[in-house]
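Summary of the model geometry
Given next are the chains, with one letter for each unit.
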Amino acid sequence: MDGKVTRISVLGQESIVIGCGLLAECGRLAHEACKAVRYVVITDENVAPLYLEKVMASFEAATGARPIVKVLPHGESQKCRGVKAEIEDWMLEHRCGRDAAMVALGGGVIGDLTGFVAATFMRGIKVVQIPTTLLAMVDSSIGGKTGIDTPGGKNLVGAFHHPMRIIMDLEVLKSLPQRQLCNGMAEVVKTALLWDADRFTELEEHVDEILAYDSAWLQSIVEGSAGIKAEVVTKDEKEGGLRTLLNVGHSIGHAVEAYLQPEMLHGEAVSIGTVKEAHLSRRLGYISEAEVGRITRCLQAFKLPVAIPAELEWEGLLAKMAVDKKNKGGKKFISLLERIGKCVNNKAIAVEDKDIASVLAHGVEVVPLEGDRHVKLEVPGSKSLSNRALLIAALGSGTCRVRGLLHSDDTQVMLQALQAMHACTFDWEDKGETLVLKGNGGQLKNPDGEVYLGNAGTASRFLTTAAALAKPAGSVLTGNKRMKERPIAPLVTALRENGVGVEYVGRSQECLPIKVDGSKGLPGGSISLAADVSSQYVSSVLISAPYAESPVALSLVGGKVVSQPYIDMTMSIMASFGVTSQRLPDSDTYVIPTGGYKNPAAYQVEPDASSATYPLAIAAVNGAGTTVTVQGMGSASVQGDANFAKLLEQMGCSVLQTESSTTVTGPEGRLKAVDVDMEPMTDAFMTAAVLMALADGTSRITGIANQRVKECNRIEAMMTEFKKLGVVTRELPDGLEVDGTTPDKLAAAVDIFCYKDHRIAMSFAVLGTRVPGITLMDAACVDKTYPVFWDHLANKFRADLRPRHVVAGAAAQQVSADESVVLVGIRGAGKTTLGNHCADRLGWDLVDMDDVFDAKAGAIKEYIASHGWDAFRAKEADLLVQTLREHPQRAIICTGGGIVESAPGRDALKGSRKVVFINKSLADTEAGLAACGKPAWGESIEAVYNRRFPLFRAASQFELPVDSTEGWAAVCKDALRLLEHVTQRAEVAPVRAMKSFLSLTFPDVDAAAPYLAEAACGTDALELRVDLLSDLSAENVAKQVVKLRRLSPLPVIFTVRSEAQGGRFPNGQHERMLTLLQLAVRLGCEFVDVEATLKDEDRQELLDAVRPSKVILSHHDPHAALSWEQVERKIAEMGQCTTADVVKFVTSAKTVDDCARLRAAVRAADIATPVIALAMGEHGKLSRALNEVMTPITHPSLPVAAAPGQLTLSQINSLRRLIGALPDQRAFCLFGSPITHSRSPLIHNTGFAAVGLAPGWAYAKVETDSIDAVKAAMAAPEWGGASVTIPLKEQVAALCDSVSDVAEKIGAVNTLVKRRDGSVYGDNTDWVAMRDLALRNLTHAPKVGLCIGAGGSARAACYALKALGVQQLYVWNRTAAKAEALAAEFGGTAAVDLSGVAADIVISNIPGNTQDASLPAFPLAASAVVIEMAFAPRKTRLLAQAEAAGATCVEGVAVLIEQALHQFKHWTGLNAPRAAISNAVYADL
């Protein structure tokens, strides 16, 4: 044992022992509390390799005997009646009696199951719990609740049976994957929510330490949570009342888990349940929105889900909740929070189904209001005001109570940053509604580390200037990937010119991260700032200016100042805190005095004026009987949208506005049509538009052009949804016209798609209070700015809100990667053959429906003879439904050829979202059916085929064309590639890591075959230009995709370019284009190019179904017809498409300067989606070098380039070197000794030459065994990286700034990479090479692996074998002790006698010239793969033995090349030219 050991009592006994290193003492600790004649250890196959031997040895040392052990498969499926009975029978076979004790070694499943067996075996025997997960430590192992799952739900059968001892070794937590750690944190957070508000605050503030596996924090959270649960269990042993509180989050969480396990972990489901039950508590009037926000953000910080998955619907979840153990008298009882740290009534309370459904449903129907309404309410605070007030109060002196804050991610980020910079201290009052903030008077300090700002734009910009006040110096501000793409250069430039040291420390010289030197403070005086990009730059300087060394005169230069109201808002808040700034007359110069802020005793953040428009609009649409007052926002508001009340007055409403409130009463008759410029209040235009839909006449909105580039194209979205209702609209250049009508003339029962846009959802909800049948399909999107919107409708307006289903396509449904796959196709198509092959390679189960039928209903022939075809079809469909229920995940289900013949069969297939049509041609089908031996159809094969073919297509989402001309081995590879894509197991590089793709222009892929290996060298994907094919029939296009995939493993980009967009596909043939694009998705093409000009409904239909393929949303302007302003707008608009993975914009360059203009347009569009931006033509070639993601390339072997000005990869890299986008000189080397005969220089120099990086990029040998010599070589400015071999692999890690987790685990670095920031990164590519070569040659999932040797590469081999999923790992070495040590480290077994080791994969790591008779013989099957690491001699003794056995042999030189290819990718960012390198190496052998 190491360090502190804590003992905690449960029910009066010291049952819990917590400390580090306790596994080594677990036998003694168990025996002292639970003496037994025999110990029975139950564990699972994941835990056993890690800890079982240590536990066994400990028990043997303590008791003199080793326990008996049963190792179960891993997963929740083991927690069932059948496995319980299996364990009991096994124990009886081993003659266990009442003097035995059970030991549960594992997580919650093992603990619950073992405990229940112990509770019932021989009417109860003792049990010890040794939890190995955080979740089990803090929850399931304590309290004696044991049980198993049933089809009705989780833990419905069980018993209370307390463990005699619970041994918690904190060391095991450090080996947990982070997902498992976070899984346990859900229960830790839940416990704090129940009992300890202060602990909850600590968890909020120390997320980083916990996720970094900080030992002190791990001990603290385990001791704290275990202590609380122990106390509760002691007070309420059998869950009579108090203990039910521990089920916060579990009522809904268990229902979610019942549907999604094992993919979703228990803690993840509890996290969702905790948030949704907090929403429920808020809906019922208990907890505040402020505290709901804190709970949600805390769980999200621990990387836990907080939303109901899209595929789950409220009725099913309610049904699962109906069997909860807490329920009484047919009512659902739920433990609800009153506030953080306290539950309502300190017990579970009854909750109505309608209220539960309101927080579970994805969609909500708003029923029109009836009768008069007089409503007073407050809407949430303004985000813009909130973050300004927070920073100003933190800079100020004294304590300020800030009320009305918007509780959002942005404000949370600001608070955390201010705390990190020691700017203030704060606490919460009034259930989180009041922030008590004490400012430090501008005395900021350097944070201990980086200040992480996520994607909070206001926080990042405001704090850039404030960081200049932090002493002594060196605040680093950073954010997420999106934040690192958002510009901050104008502000940085202004600060630098004023004397503030600001340094870009990331890749970009325009964005975060930045380092701000506060040693000189903010000098002040004259500051010039470009304010034509963002008013936030201006507010940043204004806010911090009072702390400058001298008064600031801030002059705004450049173009037109944007968002002037927000600058005015900043000045107004500054004045509230005692600083009056002045704008000089007729100028854009602001004068700010020094002196600092004096915090008022209290500051009220105004309600958000945009949010206030919705309740006020409800009064407007419901007439004179409805009056609504929004408190806290009136004529004194600094927000532009506060003027919305004046618009309502123009439309006929009665408006009474004081300085601090706004009251609106609806008109006596219809609303009046208006013509309004809404530029000062653009966010309110959607609210106005729904009012105009019911106005008397045609209304006109202008000044809202910027709304096309918000969360979506809001103008287009409103027009689309209005069309569903029957409202006539017309788009204007900067707005729209709306023809008003009456509710009785509008369509009934309309589903409104919300585009993930909160303002669209709330606007149409307003309309729903008057117009019947309106359902909002994404109710949760309102959380962004108005989380209590639905609560206000339900509670304040007494609206009837009805939960509704979300129809397919209305919201993106995420399909589980592990969801089972169903194969359909004509009899004899090869479903079982292909299913067997793919199931074996994927490690999934194969379920043949013919076998299922035989087992459950009898032989098919006899059944048809006895019952007829109709009865057979009905039974077949019923069995498929059962099978999908029994095998929801990780199974390949092969159906009968006639499953689609009956309506029940087709309906049964709808239960799967992964149906693959095995499409075998009629001719091949007729040729293959002769020997089938199944009942005749009674009609021609052709007639059956033609009838079923369209039914197979309609029933499936994916399709595999069967081309057996190259044999069935090729078809099996085709099937595996498709299923790896369907199950999301294909390794496709992230889009931003893909540098180029080859655009193929051959009329037929066969013509590309002789050239493709060379042409594709160094590229990341292949584009099939379908529009350039000679035959555009769907059948031929499918064949082309199959051919291309057989020629190359690279991802396929499927493109149909129309004539209008610069291609050859005929204009106007939208349906035909859509059919081809849908075929691409069905075929599993990794990327599908979708033209943005495709009809809206066609594009949406395709995008709704396009996953797991990625979308390139493209627009080509071949004649450069768009202005640069329009180009920027078009890119921004495309970037708002949430289903686009890549945006592609192509124009034509008239001058070389157009390349720079295009680049500027992309930056100005400022979208998160990766952008391909190219200019065609001779003048546009530079754009291809400037483009950073997925640049299309050509090759001399192609008939023509796909576009004017297209370059080869070599040409692009040469150009990039010339313009400085790539270093012109880069030196790489091999460190080690002896290396005289190494072929590494040949490999890498061949690669550099092939991709156009030579001669400036070169690789050489540095023969040395001295780490000092390595260090000296690395100091050269042109040094870019190195390969490392013996004897330096272990030593060089000390020279790295960071190393990969894998290299650290293996303990050896063979690759050094100098990054852009000058840091050195170490990795190990040996194991990746072994893994990839194994996967390329294995024909089935390996179960047994053998590692020969125990040196450095053997460690990589063991890691690779474990990564391949071998269930049993053997290690052999001449020195047995070394084999034992290595095997123990990787959870394997040291083998002396190999005669019984039938390995599926063998990796040899001993020199070829030492493979003598000391290497024992072992059996090798023809299906085995043998990988040799030694490459001299080329055919080693082991390879000769393997070859003789018929096994697949992988030579050492192949491994050398493979690991070098990964090194090449590290150094260049490019896929290595495999063919060129391999040809050079083998020619040199």
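Residues numbered from 1 in each chain as written. Predicted model: local features only at pLDDT ≥ 70, side-chain atom pairs only at ≥ 80, totals over all residues. Heavy atoms only, no water.

Observations concerning the nonpolar core
Core analysis: the largest hydrophobic core is formed by 78 residues, its most contacted members being Met-678, Ile-701, Phe-764, Leu-776 and Trp-790. Here this core takes nine residues from helix H21 (residues 609–621), the largest share from any one element. In contact with Ile-701, other than residues within four places in its own chain, are Val-676, Met-678, Phe-685, Ala-688, Ala-689, Met-692, Leu-732, Asp-734, Gly-735 and Leu-736. Within the second largest apolar cluster, 76 residues are counted, among which are Val-500, Ile-514, Tyr-547 and Val-552. (Core = buried A, V, L, I, M, F, W, Y, C linked by side-chain atoms within 4.5 Å. Buried < 20%, exposed > 50% of the residue type's maximum accessible area, 1.4 Å probe, protein only. Helix = DSSP H or I, 4+ residues; strand = E, 2+ residues; numbered from the N terminus. Contact = heavy atoms within 4.5 Å.)

Considering the packing of helix H17 (residues 457–466) against helix H19 (residues 535–544)
Think of two packed helices as two axes; the pair is described by the angle between the axes and how far apart they sit. Across the interface, H17 lies against H19 with an axial gap of 8 Å and an inter-helix angle of 40°. One way to sum up the angle between H17 and H19 is to call them oblique. Pair H17 / H19 crosses with right-handed handedness. In this structure, H17 contributes Gly-457, Thr-458, Arg-461, Phe-462, Thr-465 and Ala-466 to the contact, and H19 contributes Gln-536, Tyr-537, Ser-539, Ser-540, Val-541, Ile-543 and Ser-544. (Axes fitted to C-alpha atoms, helices over the stretch in contact; angles between N-to-C directions. Parallel < 35°, antiparallel > 145°, perpendicular 65-115°, else oblique. Left-handed = near helix turned anticlockwise from the far one by under 90°.)

Quick word on helix H7 (residues 197–205)
Listed in full, the buried residues belonging to H7 are Arg-199, Phe-200, Leu-203 and Glu-204. Buried residues of H7, viewed axially, fall in a sector of 150°; they line one side. Between the side-chain oxygen of the N-cap and the backbone nitrogen of Asp-198 there are 3.2 Å, and the N-cap of H7 in question is Asp-196. (Arc of directions from axis to C-beta. Polar contact = N/O pair within 3.5 Å; in protein donor to acceptor, adjacent residues only side chain to side chain.)

Comments concerning the pattern of salt bridges
Side-chain pairs of opposite charge can arise where the charged atoms are in close proximity. This structure, assessed with the given rule, holds 72 salt bridges. Residue Glu-86 pairs with Lys-70 through a salt bridge whose shortest N-O separation is 3.3 Å. You can see Glu-86 sitting in helix H3 (residues 81–93) and its partner Lys-70 sitting in strand S4 (residues 68–72), a full 16 residues away along the chain. Classification of Lys-70 as buried rests on a relative accessible area of 14%. Across the salt bridge formed by Asp-675 and Arg-700, the nearest N and O atoms sit 3.9 Å from each other. Of the two residues, Asp-675 is situated in strand S32 (residues 675–677) and Arg-700 in strand S34 (residues 698–702); the sequence distance between them amounts to 25 residues. When its relative accessible area of 56% is taken as the criterion, Asp-675 is described as exposed. Through salt bridges with shared partners, a single ionic network connects Arg-7, Glu-25, Arg-28, Glu-32 and Arg-165. (Salt bridge = Lys/Arg side-chain N within 4 Å of Asp/Glu carboxyl O.)

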